[in-house]
Protein chains: 2
Amino acid sequence: MNRSVIAGVLSAALLSLSLSAQAVSPEEQIELRKAGYSYMSWNMGKIKAQVIDQSVAYNQTQVATAANTIAAIANSGMGALYGPGTDKQVGAQTTRVKPEMFDNFDDVAKISARLSDTTGKLAAAAASDDQAAIRVAFGEVGQTCKSCHDKYRQK
Amino acid sequence: MNRSVIAGVLSAALLSLSLSAQAVSPEEQIELRKAGYSYMSWNMGKIKAQVIDQSVAYNQTQVATAANTIAAIANSGMGALYGPGTDKQVGAQTTRVKPEMFDNFDDVAKISARLSDTTGKLAAAAASDDQAAIRVAFGEVGQTCKSCHDKYRQK
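A quick note: this is a predicted structure, and the numbers were derived from the prediction, not measured.

S.K.: Lay out the confidence of the model for chain A with the relevant residues and their values.
M.R.: Looking at chain A as a whole, the pLDDT averages 89, with 86% of positions reaching at least 70. Confidence over residues 1-21 of chain A falls short of pLDDT 50; this stretch has 28 contacts with residues more than four positions distant or in other chains.

S.K.: Could you give an account of the interface of chain A and chain B, with specific residues and numbers?
M.R.: Listed per partner, the contact involves 28 residues of chain A and 28 residues of chain B. Summing both sides of the interface, chain A and chain B together bury roughly 2200 Å²; the carbon and sulfur share of this comes to 63%. Applying the counting criterion to the chain A and chain B interface returns 0 salt bridges. Our enumeration of links across chain A and chain B arrives at 6 residue pairs in polar contact (both at pLDDT 80 or more). Broken down by secondary-structure element, the contributors of at least two residues to the side of chain A that touches chain B are helix 2 (12-18), helix 3 (26-52) and helix 4 (60-74) of chain A. Tallied by class, the residues present in the side of chain A that touches chain B amount to 14 nonpolar, 13 polar and 1 charged.

S.K.: With reference to specific residues and values, describe the relation of the copies chain A and chain B.
M.R.: The operation relating the two chain copies consists of a rotation about an axis and a shift along that axis. Superposing chain A onto chain B takes a rotation of 180° plus a shift of 0.0 Å along the axis, which leaves an RMSD of 0.0 Å. The superposition operator between the copies reduces to a two-fold rotation axis. Residues of chain A ranked by C-alpha distance from the rotation axis are headed by A35(A), positioned 2.2 Å from it. Here 100% of the contact residues of chain A are again contact residues in chain B; the copies associate through an equivalent surface.

S.K.: Just give me the short version of helix 5 (residues 105-127) of chain A, but keep the residues and values in it.
M.R.: Residue and element names in this part refer to chain A. Over its 23 residues, helix 5 extends 32 Å from the first C-alpha to the last, a length consistent with the 33 Å expected when each residue adds 1.5 Å. Listing the buried residues of helix 5 in full gives F105, V108, I111, L115, T118, T119, L122, A123, A125 and A126. Downstream of helix 5 by a residue or two, D129 has a phi angle that is positive, lying close to 60°.

S.K.: I'd love a proper account of the packing of aromatic side chains, names of residues and values included.
M.R.: Applying the stated rule across the entire model yields 6 aromatic pairs over all chains. Seen in terms of ring centroids, Y82(B) and F102(B) are 6.2 Å apart; in terms of plane orientation they differ by 55°. Their pairing is tilted. Of this pair, Y82(B) sits in the loop between helix 4 (60-74) and helix 5 (105-127) while F102(B) sits in the loop between helix 4 and helix 5, and the two are 20 residues apart along the sequence. Assigned by exposure class, Y82(B) and F102(B) land together as buried. Among the aromatic residues, ring-to-ring pairing joins Y82(A), F102(A) and F105(A) into one connected group. The ring of W42(A) has K46(A) lying over it, and the distance from NZ or CZ to the ring centre is 3.6 Å.

S.K.: Give a detailed account of the UniProt feature "binding site: heme c" (unreviewed entry) in chain A, specifying residues and quantitative values.
M.R.: All names here are of chain A. In this structure's numbering, the residues bearing the UniProt feature "binding site: heme c" (unreviewed entry) are C145, C148 and H149. Relative to the elements of secondary structure, C145 occurs in helix 6 (residues 131-152). According to the relative accessible area criterion, C145 is partly exposed, its value standing at 29%. Residue placement: H149 occurs in helix 6. On the basis of relative accessibility, which here comes to 32%, the residue H149 falls in the partly exposed class.

S.K.: Go over the packing of helix 4 of chain A against helix 5 of chain A, please, and point to the residues and values.
M.R.: Residue and element names in this part refer to chain A. Where helix 4 meets helix 5, the closest approach of the two axes is 8 Å, and the angle between their N-to-C directions is 160°. Our classification of the angle between helix 4 and helix 5 gives roughly antiparallel. Note on packing geometry: the crossing formed by helix 4 with helix 5 is left-handed. Between helix 4 and helix 5, the contacting residues are Q60, V63, A64, A67, N68, I70, A71 and A74 on the first element and L115, T119, G120, L122, A123, A126 and A127 on the second.

S.K.: Report on the pattern of salt bridges, specifying residues and quantitative values.
M.R.: Residues and elements named next belong to chain A. For the coordinates displayed, the defined rule picks out 12 salt bridges over all chains. The salt bridge partner of K121 is D117, with a shortest N-O separation of 3.9 Å. In this pair, K121 and D117 are both assigned in helix 5, 4 residues apart and thus about one turn of the helix distant. The partly exposed category is assigned to K121, whose relative accessible area is 40%. On the basis of relative accessibility, which here comes to 43%, the residue D117 falls in the partly exposed class.

S.K.: Which residues make up unusual backbone geometry, and what values do they have?
M.R.: Not every positive phi belongs to a glycine, and Q54(A) is a case in point at roughly 55°. Inspection of the secondary structure assignment puts Q54(A) in the loop between helix 3 and helix 4.

S.K.: Outline the nonpolar core, supporting the account with residue identities and numerical values.
M.R.: Ranked by size, the top nonpolar core spans 58 residues in total, and within it I47(A), L122(A), I47(B) and L122(B) carry the most contacts. At the level of elements, helix 3, helix 4, helix 5 and helix 6 of chain A together with helix 3 (26-52), helix 4, helix 5 and helix 6 (131-152) of chain B are the ones that each hand at least two residues to this core. Other than its neighbours up to four places away in sequence, L122(B) contacts M44(B), I47(B), A67(B), I70(B), I134(B), A137(B), F138(B) and V141(B).

S.K.: With reference to specific residues and values, describe the side chain of T118(B).
M.R.: All names here are of chain B. You can see T118 is positioned in helix 5. Under the relative-accessibility criterion, T118 is labelled buried at 2%. At a separation of 3.4 Å, a polar atom in the side chain of T118 contacts the main-chain carbonyl oxygen of L115. Not counting the four nearest positions on each side in its chain, T118 is found in contact with A137, E140, V141 and T144.

What counts, and at which threshold
Residues numbered from 1 in each chain as written. Chains lettered and ligands numbered in written order. Predicted model: local features only at pLDDT ≥ 70, side-chain atom pairs only at ≥ 80, totals over all residues. Heavy atoms only, no water. pLDDT = per-residue confidence, 0-100. Contact = heavy atoms within 4.5 Å. Buried area = accessible area lost by both parts, 1.4 Å probe. Salt bridge = Lys/Arg side-chain N within 4 Å of Asp/Glu carboxyl O. Polar contact = N/O pair within 3.5 Å; in protein donor to acceptor, adjacent residues only side chain to side chain. Helix = DSSP H or I, 4+ residues; strand = E, 2+ residues; numbered from the N terminus. Nonpolar A, V, L, I, M, F, W, Y, C, P; charged D, E, K, R; others polar. Least-squares fit on C-alpha atoms with pLDDT ≥ 70 in both. Expected span 1.5 Å × (residues − 1). Buried < 20%, exposed > 50% of the residue type's maximum accessible area, 1.4 Å probe, protein only. Phe/Tyr/Trp six-rings, centres within 6.5 Å; stacked < 30°, edge-to-face > 60°. Lys NZ or Arg CZ within 6 Å of the ring centre and 35° of its normal. UniProt positions renumbered as here; feature names shortened; annotations may be inferred. Axes fitted to C-alpha atoms, helices over the stretch in contact; angles between N-to-C directions. Parallel < 35°, antiparallel > 145°, perpendicular 65-115°, else oblique. Left-handed = near helix turned anticlockwise from the far one by under 90°. Core = buried A, V, L, I, M, F, W, Y, C linked by side-chain atoms within 4.5 Å.

Okay, here's the thing in structure tokens:
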């Protein structure tokens, strides 16, 4: 599919999400999506340290708020931050996204839905203080992240 | 209070939050707190456009997920991102924080608690599709942000 016609064929989900970002420049979109992923990654790190590696004492409140933050960001409409012109560096904002991501929004929407599902499970497990369930859900979230990175992020 | 002894007198809340960030370098702490604020700001902008300015059509799901994201980040333990050595530029990471913030953690903890309270109200109003309540809560969140910026952020 030609990238120039992508704007007209975005999936309904991505299109509805993009409406609120019309005032956000391509440079800002890249900055914001990187911010969102960084913030999710920091919170994944907290859960990893406390529940997976157990290098930091488990604190249920911290793990629950971390999981809740990850789920919230995953559901915050990041698709709106992949608008036209954001497939390459803009101004000071570099991006590791592979341009072919913009030809595969249907597949990205499936990964995005899986991220929503798995982060929701992680938040639920953390809220109920179930460390075994947190471990399972954490692994599923990580696999979901990796599946997108493997396909659509440059090394 | 001498800044060099701050580490020993952090409020209990900030101290407990900081435990999970021990592996995060000062440079990363600055990057991550800026990421968190940027991501909150983007989501505040969506609510502003749809409910305050009404320049974008109101979409309850978008507003509710935006408010939920703001509340989640506000409750995610950002205090851990103000560790020792983060009161000035580190490496590539600039910061607009005024150094005196690090002498006033008790006051910052009060503002942080107010941010948690007001963003919780915003999320609740958005979840219940109550635009009048969203407007009130949005204003309260904005005032809370501004109260911290006025005191502790450089122009």
